[in-house]
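# Observations on chain architecture
Letter by letter, the chains look like this.
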Amino acid sequence: MEVRLLAFDSMGVRSMSTFVSTHDVRIHIDPAVSLAPRRYGLPPHPREVDRLIMAGREIEEAAYKADVIIITHYHYDHHDPGFLISLDIYRDKIVYVKDPVNNINVSQRIRASRFLKQVKELAREVHVAEGSIVRFGDTVIKISQAVPHGPSTRLGYVVEVSIRREDKVFLYTSDVEGPCLEEHMGFILEEKPGIIVVDGALSYMLGYRYSVKSLEASVDNLKKIIDAGVKTVIVDHHLLRDLKYRERMAEVIEYGSKHDVRVITAAEYMGRPIEQLEALRNKLYEEEPVKEPSIPENLRDLLEE
């Protein structure tokens, strides 16, 4: 099994786009990428826009090679209705999507309806993801029931994805912001992954939209995942919007070290330098001043909080 982490917050963009290949099937999870419309009161710096476009090209190229595409929810850093990445990536593909009707908030329900009208004209098959178990040769893909997007359902729900071939298990949590709830943990502990990609705590909004209690729960739950036998924990996405992310995860990193478990970012897993462009946006403007930053027209709707 080969795991390619294509675009993540540790690589300078908002994304968790992941490509998994086995001898039986090629799976692309969440082929999309976005940027924060405002950070420190500033719009995306041109360096971020350049990275967005570069990441979009890499995601699109990979997606064309996929047999299966999975959409875990309908935020623009996890699905793209054609703003940057061509919808043609879905042509003749088997597609699993977060249920567009049940366990979904209003904004995502509207997006899902529009998106699926487009995708159903292109895809070979479109299935509701929740609870799916599908086999391709010796590879088994399992998708969880809907779990909250973070500590509450205010931002809706997501699905988690497990890919198993023989004794190798990869798991992708999507936007669990931690994981900070017991609802996030059941599928993870049941699947017992050897490698897991986790959306970390929303700690850059600590005390505002994310509580100390949720951060503490995230730390405790990551330690439980380590106890369950995982060998590599990749913690990224929301966590990497925080310049103090190592400090937030110090206890987990130390605990992993004691158990011979790597706790790393997506960039580190891929052998790339960590580039927290969003978290450093104010510094980018200081070092490379821009009088009137402009976002290409086709990308403006892609940017969301």
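Residues numbered from 1 in each chain as written. Predicted model: local features only at pLDDT ≥ 70, side-chain atom pairs only at ≥ 80, totals over all residues. Heavy atoms only, no water.

As recorded in an unreviewed UniProt entry, the chain goes by UPF0282 protein Desfe_0616 and comes from Desulfurococcus amylolyticus DSM 16532. In its Sequence similarities (unreviewed entry) section, the UniProt entry covering the chain states "Belongs to the UPF0282 family." (UniProt positions renumbered as here; feature names shortened; annotations may be inferred.)

On to the environment of Val97, then. With respect to the helices, strands and loops of the structure, Val97 is situated in strand 5 (residues 94-97). Distance in space between the C-alpha atoms of Val97 and Val212 is 32 Å, their sequence separation being 115 residues. (Helix = DSSP H or I, 4+ residues; strand = E, 2+ residues; numbered from the N terminus.)

A surface patch of nonpolar side chains, amounting to about 260 Å² of accessible area, comprises Tyr40, Leu243 and Leu280. Mapped onto the fold, Leu280 is located in the loop between helix 7 (266-269) and helix 8 (281-287). On the basis of relative accessibility, which here comes to 32%, the residue Leu280 falls in the partly exposed class. (Patch = residues over 30% accessible without salt bridge, like charges linked within 9 Å, V, L, I, M, F, W, Y side chains within 5 Å. Areas by Shrake-Rupley, 256 points an atom, 1.4 Å probe, with all protein chains shown as cover. Salt bridge = Lys/Arg side-chain N within 4 Å of Asp/Glu carboxyl O. Buried < 20%, exposed > 50% of the residue type's maximum accessible area, 1.4 Å probe, protein only.)

Turning next to the environment of Arg114. With respect to the helices, strands and loops of the structure, Arg114 is situated in helix 2 (residues 106-119). Overall, Arg114 belongs to the exposed group, its relative accessible area being 59%. For the pair Arg114 and Pro81, spaced 33 residues apart in sequence, the C-alpha separation works out to 8.2 Å.

Within the open sheet, the six strands sit side by side as 1-2-3-4-5-6. Their pairing is mixed. With partners counted over all chains shown, the strands left at the sheet margins are strand 1 (2-8) and strand 6 (125-128), one partner each. Pairwise comparison of adjacent strand axes, ignoring direction, gives a mean angle of 15° for this sheet. With respect to the sheet, helix 1 (residues 46-64) is in contact with strand 1, strand 2 (16-21), strand 3 (26-29) and strand 4 (68-71), its orientation differing from that of strand 1 by roughly 150°. (Pairing = 2+ DSSP bridges. Axes fitted to C-alpha atoms, helices over the stretch in contact; angles between N-to-C directions. Contact = heavy atoms within 4.5 Å.)

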